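Geometric and topological summary
The primary structure of each chain is shown beneath.
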Amino acid sequence: MDIPRIFNISESAHRIHNPFTPDKLATLGAALRLEPETRILDLGSGSGEMLCTWARDYGVCGTGIDMSPLFTEQARQRADELGVADRVAFIHGDAAGYVSEGEVDIAACLGATWIGGGVAGTTALLAKSLRPGGLILIGEPYWLRLPPTEDIARGCLAGSISDFLLLPERLASFRELGFDVVEMVLANQDSWDRYEAAKWLTMRRWLDANPHDEFAAVVRGQLTTEPERYATFTREYLGWGVFALMRH
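In this report, we go over the structure that sits alongside the text.

Criteria and cut-off values
- Residues numbered from 1 in each chain as written.
- Predicted model: local features only at pLDDT ≥ 70, side-chain atom pairs only at ≥ 80, totals over all residues.
- Heavy atoms only, no water.
- Helix = DSSP H or I, 4+ residues; strand = E, 2+ residues; numbered from the N terminus.
- Polar contact = N/O pair within 3.5 Å; in protein donor to acceptor, adjacent residues only side chain to side chain.
- Contact = heavy atoms within 4.5 Å.
- Pairing = 2+ DSSP bridges.
- Axes fitted to C-alpha atoms, helices over the stretch in contact; angles between N-to-C directions.
- Parallel < 35°, antiparallel > 145°, perpendicular 65-115°, else oblique.
- Left-handed = near helix turned anticlockwise from the far one by under 90°.
- Nonpolar A, V, L, I, M, F, W, Y, C, P; charged D, E, K, R; others polar.

1. Regarding the side chain of Glu 226
Mapped onto the elements of the fold, Glu 226 is located in helix α9 (residues 216-237). For Glu 226, the side chain forms a polar contact with the side chain of Arg 229, separated by 2.7 Å. Sequence-distant contacts of Glu 226, that is, excluding residues within four places in its chain, are made with Glu 196 and Trp 200.

2. Description of the environment of Leu 146
With respect to the secondary-structure elements, Leu 146 resides in the loop between β5 (130-143) and α6 (150-155). Distance in space between the C-alpha atoms of Leu 146 and Ser 162 is 9.6 Å, their sequence separation being 16 residues.

3. Some details on unusual backbone geometry
Positive phi values are uncommon outside glycine, yet Glu 37 reaches one of about 70°. With respect to the helices, strands and loops of the structure, Glu 37 is situated in the loop between α2 (22-31) and β1 (39-43). A positive phi angle, close to 70°, is found at Leu 157, a residue other than glycine. Along the chain, Leu 157 falls in the loop between α6 and α7 (167-176).

4. As for the sheet that holds strand β3 (residues 88-92)
Within a beta sheet, neighbouring strands are joined by backbone hydrogen bonds and run either parallel or antiparallel to one another. One open sheet accounts for seven strands, arranged β3-β2-β1-β4-β5-β7-β6; its pairing is mixed. The sheet is open, and its two edges are formed by β3 and β6 (179-186), each paired on a single side. Direction aside, neighbouring strands of the sheet carry axes that sit 20° apart on average. Summarising the sheet, β6 and strand β7 (residues 238-247) pair through seven bridges and their orientation is antiparallel. Note that in β7 the partner of Phe 179 across the bridge is Arg 247.

5. Some remarks on the packing of helix α3 (residues 49-58) against helix α4 (residues 69-82)
Look at α3 against α4: their axes get within 9 Å of each other, and the N-to-C directions meet at 15°. When the axis of α3 is compared with that of α4, the two are roughly parallel. Our pair here, α3 against α4, has a crossing hand that is right-handed. Taken together, the residues of α4 that come into contact with α3 (itself represented by Glu 49, Cys 52, Thr 53 and Arg 56) are Ala 75, Arg 78, Ala 79 and Leu 82. The residue makeup of the contact of α3 with α4, split by class, is four nonpolar, one polar and three charged.

The following block contains the structure:
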């Protein structure tokens, strides 16, 4: 069980696998007014930066689930590095369908809503682990402005324009699912740049170290095209944010 190899390579040096910087992640934690012993479930937890830094800074505890063995191991190492391995646990597994054994205070999925077939399904999945009055965190792209053509949407790595909503429509969609939006922290252009551009150096260094790997042509293709694709499409049209929800 693993994610596609290109992500294990291109994001191997990332601590945060979405368009957030450490400052943005800290802003989110502060905005949620986290208290000690807050129990968190993080589906698609990546390299564990959210759980580990919040355990260090706020005394939360929790569990992360991720399909990547590499990222899961990195998360465990990060927990050891920050001295919070007694507070957080990371499981290599499929987050799709995962429900916590006990109710949690916060159920999160930041940037992996495919696990529930989209935002609605993932929100419903997270709600199964949540205590009454708890918070759901959804990290999801939205259109900064609607792409004028389907080709431009595909340039943003969307399947079609209909894959994402404008921000007001995204907020309204949560209400239609039966939730109040009680907080949000949005990526900005700099945090997008940090997420995307950091991949390029990682891919180049991987290519230099693995010139004869059978996957090298794929990585070379990505490195050749990604800077221009990102600057032309994603940087201009796509936003990303984390939305905190409470049931009506």
